[in-house]
Amino acid sequence: MTLEEGKDKFIQSWGALGSSWGINRTMAQIHALLLISPEAMSAEEIMDELKISRGNANMNIRALIDWGLAYKELKTGERREYFVAEKDMWEVVKCIITQRKKRELEPMLRVLDEISSVDEIDEESREFAEVIREIKLFSSKADSTLDSLVKADSNWFVGTFMKMIK
């Protein structure tokens, strides 16, 4: 396999993986390209490499910056903006966890709080309330676990993870 074939396969695979994180394929492909790029890239270079429009590139680069997965890098004497990916995989994982928690889990916890006050006047409403309490308990524990994970040191996490998979 040539380097170019390897890069293309990685970019396509990372793009497909991105949908599992809750981001679109193009955003993940740009992230993949920036991850494997030895130097910061301009939006034009990203557009050329991935054959995407300026609007698509700019929108997804901004989203990567918002997620904390990419950063602007200024080059002396250049008017163009250049972008580089966060390459520390522990930081990447923490950014993804933080964003998914904020976009998915926290809104659900707010809904569960809101609906947990349903009047328990009959069997159906008591059963509903019990299911909601169970889901809320599980979701709250998941939220606490994710908070701990994000705050954890990478060495602790890797060591614990390796123990778990042995």
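Along each chain, the written sequence defines residue order, and numbers are assigned to residues from 1. Local features in this predicted model are restricted to residues of pLDDT 70 or higher, and side-chain atom pairs are both shown and tallied only at a pLDDT of 80 or more, whereas totals for entire chains, interfaces and linings draw on every residue. Each side-chain value is worked out from all heavy atoms of the structure, with water and hydrogens disregarded.

Draft legend 1. Representation of the pairing of strand S3 (residues 82-85) within the structure. In this analysis, strands are considered paired if DSSP registers two or more bridges between them. A run of H or I in DSSP counts as a helix once it spans at least four residues, and a run of E counts as a strand once it spans at least two, with each numbered from the N terminus. Across 2 bridges, the pairing between strand S1 (residues 41-42) and S3 is antiparallel. Residue pairing in the sheet places Ser42 in a bridge with Tyr82 of S3. Sheet analysis places strand S2 (residues 70-73) next to S3, joined by 4 bridges and oriented antiparallel. Its bridge partner lying in S3, Ala70 is registered against Ala85.

Draft legend 2. Expanded view of the environment of Leu137. By the element assignment, Leu137 lies in helix H6 (residues 123-151). Relative accessibility under 20% of the residue-type maximum defines a buried residue, over 50% an exposed one, and the middle range a partly exposed one, all with a 1.4 Å probe and only protein chains included. Its relative accessible area of 44% is what places Leu137 among the partly exposed residues. As a C-alpha pair, Leu137 and Leu109 span 28 residues in sequence and 9.7 Å in three-dimensional space.

Draft legend 3. The packing of aromatic side chains, seen in detail. When the centres of two rings from Phe, Tyr and Trp lie within 6.5 Å, Trp using its six-membered ring, the rings pair. Their planes under 30 degrees apart give stacked, over 60 give edge-to-face, and anything left gives tilted. A full pass over the atoms with the stated rule returns 1 aromatic pair. A centroid spacing of 5.3 Å and a plane angle of 35 degrees characterise the contact between Phe10 and Trp14, whose relative ring orientation is tilted. Taken together, the residues span about one helical turn, with Phe10 and Trp14 both in helix H1 (residues 3-21) at a distance of 4 residues. Consider the ring centre and the ring normal. A charge sits over the ring if Lys NZ or Arg CZ is within 6 Å of that centre and within 35 degrees of that normal. The aromatic ring of Tyr82 is capped on one face by Lys75, whose charged end is 4.2 Å from the ring centroid.

Draft legend 4. The arrangement of the side chain of Ser139 in detail. Relative to the assigned elements, Ser139 resides in helix H6. Look at Ser139 and you get buried, because its relative accessible area is 9%. What Ser139 contacts, discounting residues up to four positions off in sequence, is Leu105, Leu109 and Leu112. In this analysis, two residues are considered to be in contact whenever any of their non-hydrogen atoms come within 4.5 Å of each other.

Draft legend 5. Representation of the pattern of salt bridges within the structure. The term salt bridge refers to a pairing of a side-chain nitrogen on Lys or Arg with a carboxyl oxygen on Asp or Glu at a separation within 4 Å. Scanning the entire structure with this criterion turns up 14 salt bridges. The partner of Lys101 in a salt bridge is Glu106, with the nearest N and O atoms 2.8 Å apart. For Lys101, a relative accessible area of 9% puts it in the buried group. Using a relative accessible area of 27% as the deciding quantity, one classes Glu106 as partly exposed. With a shortest N-O distance of 3.2 Å, Arg133 and Glu130 are connected by a salt bridge. Here Arg133 and its partner Glu130 are both found in helix H6, 3 residues apart, which amounts to about one turn of the helix. For Arg133, a relative accessible area of 39% gives the class partly exposed.

Draft legend 6. Representation of H1. Helix span, as expected, comes to 1.5 Å for every residue beyond the first. Taking 1.5 Å of rise per residue, 19 residues should cover 27 Å, and H1 covers 27 Å from first to last C-alpha, within 8% of that figure. Taken together, the buried positions of H1 are occupied by Ile11, Trp14, Gly15, Gly18 and Trp21. Here the buried residues of H1 occupy an arc of 110 degrees about the axis, which is enough to place them on one side. Turned more than 90 degrees away from the buried face of H1, the exposed residues are Lys9 and Ser19. Here the arc refers to the directions that run from the helix axis out to each C-beta atom.

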